[in-house]
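Here is what each chain is made of, one letter per residue.
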Amino acid sequence: ILNVEQSPQSLHVQEGDSTNFTCSFPSSNFYALHWYRWETAKSPEALFVMTLNGDEKKKGRISATLNTKEGYSYLYIKGSQPEDSATYLCASDTNAGKSTFGDGTTLTVKP
Amino acid sequence: KAGVTQTPRYLIKTRGQQVTLSCSPISGHRSVSWYQQTPGQGLQFLFEYFSETQRNKGNFPGRFSGRQFSNSRSEMNVSTLELGDSALYLCASSSTGTWPGSTQYFGPGTRLTVL
């Protein structure tokens, strides 16, 4: 993996469904992995920052895991709600000070 | 605390002109980063300033420059504008002195249109 890649590009789920997204990043020179939520007409909002292999973070119904050896992170949303509709971005920081964003996963939760 | 503010919110310029965008970080934050978002390229890192010094820089041409003042406010300048510079420019501030890895707090962005 040379760039930060996110999948799927978009996702449509029903209210109450649980869902997950993937962020793949280069594992060499890795320093930190960020997840952001970006709602339409608002600013990106930081969800998590993780640095250690095996890190798990949780915020309400949203959680994330990190595997630095294989270069991936998962974001999980349990019991999706319409207000969870947003674009979820991940960004990988290297120890050389470079920050690279993925293109995001756009989640739409239907009531 | 007030959030990150950016001015102006919208801007229309013509090719060849220059533009200056302003970002005021959250009070007490000393790190300011700038990002460009275009439909085709996603969110791209421009540069990061800490205590008036540029600490990190992305892969953008020299037409893109920035500076930070003693009160941590930052400006970004783009000279000789090109059509491809049309984008949403976001700035973000951080409270920690260490970067990368710090949590970024984003402003609402400046939407620049180059005609």
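Residues numbered from 1 in each chain as written. Chains lettered and ligands numbered in written order. Predicted model: local features only at pLDDT ≥ 70, side-chain atom pairs only at ≥ 80, totals over all residues. Heavy atoms only, no water.

Trainee: Would you mind going over the overall build of chain B with me for this structure?
Mentor: When you go through chain B residue by residue, the secondary structure sums to 0 helices and 11 strands. Relative to the compact-globule value of 13 Å for 115 residues, chain B shows a C-alpha radius of gyration of 13 Å, a close match. Put simply, chain B has 115 residues, and 50% of those count as buried. Contacts spanning at least 24 positions in sequence make up 55% of the contacts within chain B whose residues lie at least 6 apart. (Helix = DSSP H or I, 4+ residues; strand = E, 2+ residues; numbered from the N terminus. Rg over C-alpha atoms; globule rule 2.2 N^0.38 Å. Buried < 20%, exposed > 50% of the residue type's maximum accessible area, 1.4 Å probe, protein only. Contact = heavy atoms within 4.5 Å.)

Trainee: Any chance you could explain the overall build of chain A here in plain terms?
Mentor: A tally of helices and strands in chain A yields 0 helices and 11 strands. Reading the helices (α) and strands (β) of chain A from amino to carboxyl end gives β-β-β-β-β-β-β-β-β-β-β. Its C-alpha atoms give chain A a radius of gyration of 13 Å, near enough to 13 Å, the size a compact globule of 111 residues would have. Counting only C-alpha atoms and orienting by the principal axes, one finds that chain A spans roughly 45 × 25 × 20 Å. Of the roughly 5600 Å² of accessible surface on chain A, a fraction of 45% belongs to carbon and sulfur atoms. Considering chain A, the positive charge centre built from 10 side chains and the negative charge centre built from 12 side chains are found 4 Å apart. (Areas by Shrake-Rupley, 256 points an atom, 1.4 Å probe, with all protein chains shown as cover. Lys, Arg positive; Asp, Glu negative; His and termini not counted. Charge placed at Lys NZ, Arg CZ, Asp CG, Glu CD.)

Trainee: Explain the sheet that holds strand 3 (residues 19-24) of chain A here, please?
Mentor: The strands that make up a sheet are held in pairs by hydrogen bonds between backbone atoms, and each pair lies either parallel or antiparallel. Residue and element names in this part refer to chain A. With antiparallel pairing, the 5 strands of this open sheet are ordered in space as 1-3-8-7-6. In this open sheet, the two strands that pair with only one neighbour each are strand 1 (5-7) and strand 6 (56-59). Strand-to-strand twist of the sheet, defined as the mean angle between neighbouring strand axes without regard to direction, takes the value 15 degrees. Direction of pairing for strand 6 relative to strand 7 (residues 62-67): antiparallel, over a ladder of 4 bridges. Looking at strand 7, one finds that Lys58 is bridged to Ser63. (Pairing = 2+ DSSP bridges. Axes fitted to C-alpha atoms, helices over the stretch in contact; angles between N-to-C directions.)

Trainee: What should I look at first to understand the pairing of strand 3 (residues 19-24) of chain B in this one?
Mentor: Within a regular strand, side chains alternate between the sheet's two faces. Here 3 bridges tie strand 1 (residues 5-7) of chain B to strand 3 of chain B, and the two strands are oriented antiparallel to one another. Opposite Thr7 of chain B, over in strand 3 of chain B, you have Ser22 of chain B as the bridge partner.

Trainee: For this particular structure, what's the right way to read the pairing of strand 9 (residues 87-94) of chain B?
Mentor: Residues and elements named next belong to chain B. Taking burial as the measure, the 8 residues of strand 9 include 8 buried ones, the bulk of the element. Neither face of strand 9 is open: one carries Ala87, Tyr89, Cys91 and Ser93, the other Leu88, Leu90, Ala92 and Ser94, and all of them are buried. With 7 bridges connecting them, strand 4 (residues 31-38) and strand 9 associate as antiparallel partners. In the sheet register, Val32 faces strand 9, and the bridge partner there is Ser93. Two elements, strand 9 and strand 11 (residues 110-114), share 3 bridges in a ladder whose sense is antiparallel. Among the inter-strand pairings, Ala87 is bridged to a residue of strand 11, identified as Leu112. Both strand 9 and strand 10 (residues 105-106) contribute to a ladder of 2 bridges, which runs antiparallel. Paired with Ser93 across the bridge in strand 10 is Tyr105.

Trainee: Looking at this structure, I do not really get the environment of Lys59 of chain A. What am I missing?
Mentor: Residues and elements named next belong to chain A. Mapped onto the elements of the fold, Lys59 is located in strand 6. By relative accessible area, Lys59 is classed as partly exposed at 41%. For the pair formed by Lys59 and Glu70, sequence separation is 11 residues and the distance between their alpha carbons is 24 Å. Here Lys59 is in contact with Glu45, Ala46, Leu47 and Phe48, once residues within four sequence places are set aside.

Trainee: Explanation requested: the sheet that holds strand 3 of chain B in the structure shown.
Mentor: All names here are of chain B. Taken together, 4 strands build an open sheet; the order of strands is 1-3-8-7 and the sheet is antiparallel. The open sheet has two edge strands, strand 1 and strand 7 (64-68), and neither has a second partner. Going from strand to strand, the sheet's axes swing by 20 degrees on average, the running direction of each strand aside.

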